Amino acid sequence: MSAAVEGPELEAVAAAAGDASEAADAEDASEAVDGGSRALRFLGGNRLSLDLSPGGCHRLLHLCVQQPLQLLQVEFLRLSTHEDPQLLEATLAQVPQSLSRLCSLVLKGGQRRDTLGACLRGALTTLPAGLSGLAHLAHLDLSFNSLETLPACVLRMPGLRALLLSHNRLSELPEALGALPALTFLSVTHNRLQTLPPALGALTTLQRLDLSQNLLDTLPPEIGGLGNLLELNLASNRLQSLPASLAGLRSLRLLVLHSNLLGSVPASLACLPFLTRLDLRDNRLRDLPPALLDAPFVRLQGNPLGEASPEAPSSPGAAFVPEMPRLFLTSDLDSFPVTPGGCSVTLACGVRLQFPAGATIAPITIRYRLLLPEPGLVPLGPHDALLSCVLELQPHGVAFQQDVGLWLLFMPPQARRCREVVVRTRSDSSWSDLATFLEEEAPKRLWAHCQVPHFSWFLVVSRPVSDACLVPPEGTLLCSSGHPGVKVIFPDGATEEPRRVSMQVVRMAGRDLRALLGEPEAAASPLLCLSQSGPPSFLRPVTVQLPLPSGVTGLNLDRSRLHLLYWAPPAATWDDITAQVVLELTHLYARFQVTHFSWYWLWYTTKNCVGGLARKAWERLRLHRVNLIALQRRRDPEQVLLQCLPRNKVDATLRRLLERYRGPEPSDTVEMFEGEEFFAAFERGIDVDADRPDCVEGRICFVFYSHLKNVKEVYVTTTLDREAQAVRGQVSFYRGAVPVQVPEEAEAARQRKGTDALWMATLPIKLPRLRGPEVPRRGTGLSLAPLNLGDAETGFLTQSNLLSVAGRLGPDWPAVALQLGMSYRELQRIRHEFRDDLDGQIRHMLFSWAERQVGQPGAVGLLVQALEQSDRQDVAEEVRAVLELGRRKYQDSIQRTGLAPKDPGVPGSSAPQPSEPAQA
């Protein structure tokens, strides 16, 4: 939420400008643009909102041509800049003549988002000169655009009080900026400012100035002339010093300077009479005036206070930057040392860590583990999606003197509107989300970067966009950044102490709701979640605004069909509170007052009992449909592949795998929901090899997260004498608790015909007769799981290991293929068959080669040699580590069965720890 909304003096302007926003939420986005008659639907009183609907410029041009009487009364205009630049310029040129009484003009981009949920910039690069004729204009918002210079017409708007220029490409501000005598709020965050004009000090009426997230290294002394300034935000710049003239800001209450390069601050800051907060976190302060050091309103975390100063640079003006040691860990290492000098570390799993100098007082050893997701380690919210495995860094809870940089690699989520990616960590006994920045290395390689004060567990989560604000005693306004029509108004006196309130908004597709209810005209508003810190209720009621359900307006509304639903955990039902509140309806919105925060939902339906239906819709929103398929390897029927993936990818996956596997057709797949717990039990003479770490008493228990693209290879062994006969069997899937006993054939048949909610499906498995004296008998304790390459003494490479190798080869795969002996013609055929899928090319090459090597001696060594000759020593080291792990496990199993004596002096003779993964 922008700071403009938080300012009390701008609350009336921002609230009025936002009342008509999100008008497109009330109608189908695919509605064609066909003239001014439809454009009048977006005109409500003196507000005209055309920013969240395609064709907004066309609608405004039609209105300007027709000149209806209502247009002459418009004072607030919102227009999207995601339009054709020429059309946008022509439309803005008509504004001064047609909307002469305009006092608020919002020309923002950011209504559209990319695949990661980041707001896209608008096409606005300048403004028509005629806009300076808007004599009543007081509020101008040009955020999220492509401005490189401030348009000249802005400097000729003497009545302008609020100017928002955030998220543009401004490298400087003009000297003429001082000619705006009425300006009280200026926001230029997330730009490229390197210097500030001295004329900035002439803005004597300025009360709030936000210049955070720029490239400023100095401040002009004239900034001390802003005598009426209340708030100054200079966070995340490159400031190395502050001018002494800041002592002239006698009205200043809030000064934010965190994340700069400050080595000292003027002692005169302690003399500012009204200063209530001074944020100096994450700088280079080694000393501080005593008056500030003991002040309760000063924040100093992340500064090397009290440490010796570094050596002076060799040349005047040159910054001293010591060389940071860099460590690259191989897969056989799970720890590394960190000294007070700092270091940069890249783990074998791809995670990057940066310890700044002074982060630790004494040398310390850091240990790490990469864990598979489990319910206790995956604190997902109702609408969250997991994007990574769980990273554990030890020792837990050891606080660093400076925050440590952490980069986690994750798979990009599917394109979803109004979602964001955050790093989640455990602190004390609760989980929290860290401030996260995304860095793109390649289209399918994204980094989530954050700063961590101590170590614990970390994972990457996709969640609905969360908007938050600090509610002061004088009240404020909180708007949803993804759904501007959703807002909460906090009145004066709602709280005695400042409280932090957060908001999340989730939309449900109309077709899903109508299919669930079986009602063509059913509709629902976005789902609103409100949470707060402090006591459970406010001193005065808080006003909540929700858009009316899609297709419903205040003109055609049947109040008997409108239901306001409320849900508060831990209750499992939704309550209809329509009769308990006063619903104030406009033609676009519904407003009501609440004192407790939880979930609110506005429904429009003919159904009477809505609570149970809302619960079903809620469950549908929370979970993602996935399917589980079971396939049997053609050349090795003992090997059964279990794969869980999003439902829309089942057909394509089956087409790709059925050349090497045989098994159920798509109609036999098991439909479930992402995150559900299920059990696979093997019946009729088939048992799971219980020696595997992920097996418990012969049954497999998984919690699947489809966004991780989980693939589990399950190996089965028979309970009968396999030398005598072939074995036929089946695998059954259950929800909830594991059955006490694996069902017999008759009971399984009865369950299939019955209504047992635990049973989901039974899929057939056929195990052939094994011949030869080398086959061990049941009861030896040896694992009979067939593997792809290698042998028990030298180590195995499983299919998951080959998938891991394939995922790291990248564009180097043709060189590896040639070193493996594959012909150039075969490479060309693979390129043509998977011409739009690089991952498919790599996997097909590697697995087609591996299938030809089954049973051949020296295959694993050939792969390692090919990787080394292709300059992929890193992957070769990974393969060697996997082989070593396999050899250790083989020796362990031999010792457990008594076939070999236990030698404590032999490396790897100890039993494997339960924390070791099933497959390296």
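Residues numbered from 1 in each chain as written. Predicted model: local features only at pLDDT ≥ 70, side-chain atom pairs only at ≥ 80, totals over all residues. Heavy atoms only, no water.

### Here we look at the overall build of the protein chain
Along its length, the protein chain carries 16 helices and 50 strands. A separation threshold of at least 6 residues defines the contact pool for the protein chain, and within that pool the share at least 24 residues apart is 60%. (Helix = DSSP H or I, 4+ residues; strand = E, 2+ residues; numbered from the N terminus. Contact = heavy atoms within 4.5 Å.)

### Structural notes on the pairing of strand β38 (residues 625-633)
With respect to burial, β38 is a largely interior element, 8 of its 9 residues being buried. Sheet topology places β38 next to strand β40 (residues 661-662); 2 bridges connect them, and they run antiparallel. Within β40, the position partnered with Arg-633 by the bridge is Tyr-661. (Buried < 20%, exposed > 50% of the residue type's maximum accessible area, 1.4 Å probe, protein only. Pairing = 2+ DSSP bridges.)

### Let's talk about helix α5 (residues 85-98)
Compared with the 20 Å implied by 1.5 Å per residue over 14 residues, the 20 Å span of α5 between its first and last C-alpha is a close match. Turning to α5, its buried residues number three or more, namely Leu-87, Leu-88, Thr-91, Leu-92, Val-95, Pro-96 and Ser-98. (Expected span 1.5 Å × (residues − 1).)

### Focus on the pairing of strand β28 (residues 487-490)
Here 4 bridges tie strand β27 (residues 476-479) to β28, and the two strands are oriented antiparallel to one another. Counterpart to Cys-479 in the pairing with β28 is Lys-487.

### Re the side chain of Asn-145
Residue placement: Asn-145 occurs in the loop between β5 (139-141) and β6 (162-164). Within the structure, Asn-145 has its side chain in polar contact with the backbone oxygen of Leu-142 (distance 3.0 Å). Reaching out from Asn-145, the side chain makes a polar contact with the backbone oxygen of Ser-143 at a distance of 3.0 Å. Setting aside chain neighbours within four positions, we find Asn-145 in contact with Thr-81, Leu-107, Lys-108, Gly-109, Arg-121, Gly-122, Ala-123, Leu-124, His-167 and Asn-168. (Polar contact = N/O pair within 3.5 Å; in protein donor to acceptor, adjacent residues only side chain to side chain.)

### Some details on the nonpolar core
Counting 75 residues, the largest nonpolar core has Leu-186, Leu-232 and Leu-280 as the members making the most contacts within it. Within the residue set of this core, elements represented by two or more residues are β2 (47-50), α4 (56-66), β3 (76-79) and α5. With 32 residues, the next largest nonpolar core counts Cys-469, Leu-478, Leu-564 and Val-581 among its residues. (Core = buried A, V, L, I, M, F, W, Y, C linked by side-chain atoms within 4.5 Å.)

### Some remarks on the packing of helix α13 (residues 824-833) against helix α14 (residues 838-852)
Helices that pack against each other are described as a pair by the angle of their axes relative to one another and the distance between those axes. The geometry of α13 relative to α14 is characterised by a closest axis approach of 9 Å and an angle of 135° between their N-to-C directions. Judged on the interaxial angle alone, α14 and α13 are oblique. Our pair here, α13 against α14, has a crossing hand that is right-handed. Contacts from Glu-826, Arg-829, Ile-830, Arg-831 and Glu-833 in α13 reach Gln-841, His-844, Met-845, Ser-848 and Arg-852 in α14. Of the residues contributing to the contact of α13 with α14, the split by class is 2 nonpolar, 3 polar and 5 charged. (Axes fitted to C-alpha atoms, helices over the stretch in contact; angles between N-to-C directions. Parallel < 35°, antiparallel > 145°, perpendicular 65-115°, else oblique. Left-handed = near helix turned anticlockwise from the far one by under 90°. Nonpolar A, V, L, I, M, F, W, Y, C, P; charged D, E, K, R; others polar.)

### Looking at the sheet that holds β27
The strand order across the open sheet built from 5 strands is β27-β28-β32-β36-β35, with neighbouring strands paired in antiparallel fashion. Two strands in the sheet have a free side with no partner beyond their single neighbour: β27 and β35 (584-585).

### Topic: α14
For an α-helix, 3.6 residues make a turn, and residues three or four places apart therefore share a direction. For α14, which comprises 15 residues, the first-to-last C-alpha distance of 22 Å matches the rise-based estimate of 21 Å (1.5 Å per residue) to within 8%. Extensive coverage of α14 is indicated by the burial of 11 of its 15 residues. Of all the residues in α14, the buried ones are Gly-840, Gln-841, Ile-842, His-844, Met-845, Leu-846, Phe-847, Ser-848, Trp-849, Ala-850 and Glu-851.

### Looking at the environment of His-258
Along the polypeptide, His-258 turns up in the loop between β10 (254-256) and β11 (277-279). Among the residues examined, His-258 registers a relative accessible area of 19% and is labelled buried. Note: C-alpha distance between His-258 and Asp-279 (21 residues apart in sequence) is 5.7 Å. Once you skip the residues sitting within four places of it in the chain, His-258 turns out to touch Ala-235, Ser-236, Asp-279, Leu-280, Arg-281 and Asn-283.

### Some details on the packing of aromatic side chains
Using the criterion set out here, one finds 16 aromatic pairs in the structure. Arranged with centres 6.1 Å apart and planes meeting at 65°, the rings of Phe-336 and Phe-355 form a pair that is edge-to-face. Residue Phe-336 is located in strand β14 (residues 335-338), and its partner Phe-355 is located in strand β16 (residues 352-355); the two are separated by 19 residues in the primary sequence. As far as burial versus exposure is concerned, Phe-336 and Phe-355 are alike and both buried. (Phe/Tyr/Trp six-rings, centres within 6.5 Å; stacked < 30°, edge-to-face > 60°.)

### Observations concerning unusual backbone geometry
Here the residue pair Gln-394 and Pro-395 is connected by a cis peptide bond, since its omega of 5° sits within 30 degrees of zero. Tracing the chain through its elements places Pro-395 in the loop between β19 (390-394) and β20 (404-410). Its identity as a non-glycine residue notwithstanding, Phe-144 has a phi of 55°, on the positive side. When you line up the elements, Phe-144 lands in the loop between β5 and β6. Positive phi outside glycine occurs at Gln-213, with the angle close to 60°. Secondary-structure assignment places Gln-213 in the loop between β8 (208-210) and β9 (231-233).

### Remarks on the confidence of the model for the protein chain
Averaged over the protein chain, the pLDDT score is 76; the fraction of residues at 70 or greater is 73%. Low pLDDT, under 50, characterises residues 742-756; the predicted model gives this stretch 17 contacts beyond four residues in sequence or across chains. The low-confidence segment residues 896-920 (pLDDT under 50) makes 41 contacts with residues lying over four places distant or belonging to another chain. (pLDDT = per-residue confidence, 0-100.)

### Observations regarding the packing of α4 against α5
Look at α4 against α5: their axes get within 10 Å of each other, and the N-to-C directions meet at 35°. Two packed elements cross with a definite hand, and for α4 against α5 that hand is left-handed. Every residue of α5 that contacts α4 at Cys-57, His-58, Leu-60, Leu-61 and Cys-64 is listed here: Leu-87, Leu-88, Ala-90, Thr-91, Gln-94, Val-95 and Ser-98. Tallied by class, the residues present in the contact of α4 with α5 amount to 8 nonpolar, 4 polar and no charged.

### Some points on the side chain of His-139
Its place among the elements puts His-139 in strand β5. Here the side chain of His-139 touches Ser-104 through a polar contact of 2.9 Å, side chain to side chain.

### Observations regarding the pattern of salt bridges
The tally for this structure, following the rule as stated, stands at 20 salt bridges. Taking the shortest distance from any N to any O, the salt bridge between Arg-369 and Glu-392 comes out at 2.7 Å. On the criterion of sequence distance, the pair formed by Arg-369 in strand β17 (residues 364-371) and Glu-392 in strand β19 is long-range, its members being 23 residues apart. Given a relative accessible area of 3%, Glu-392 falls into the buried group. (Salt bridge = Lys/Arg side-chain N within 4 Å of Asp/Glu carboxyl O.)

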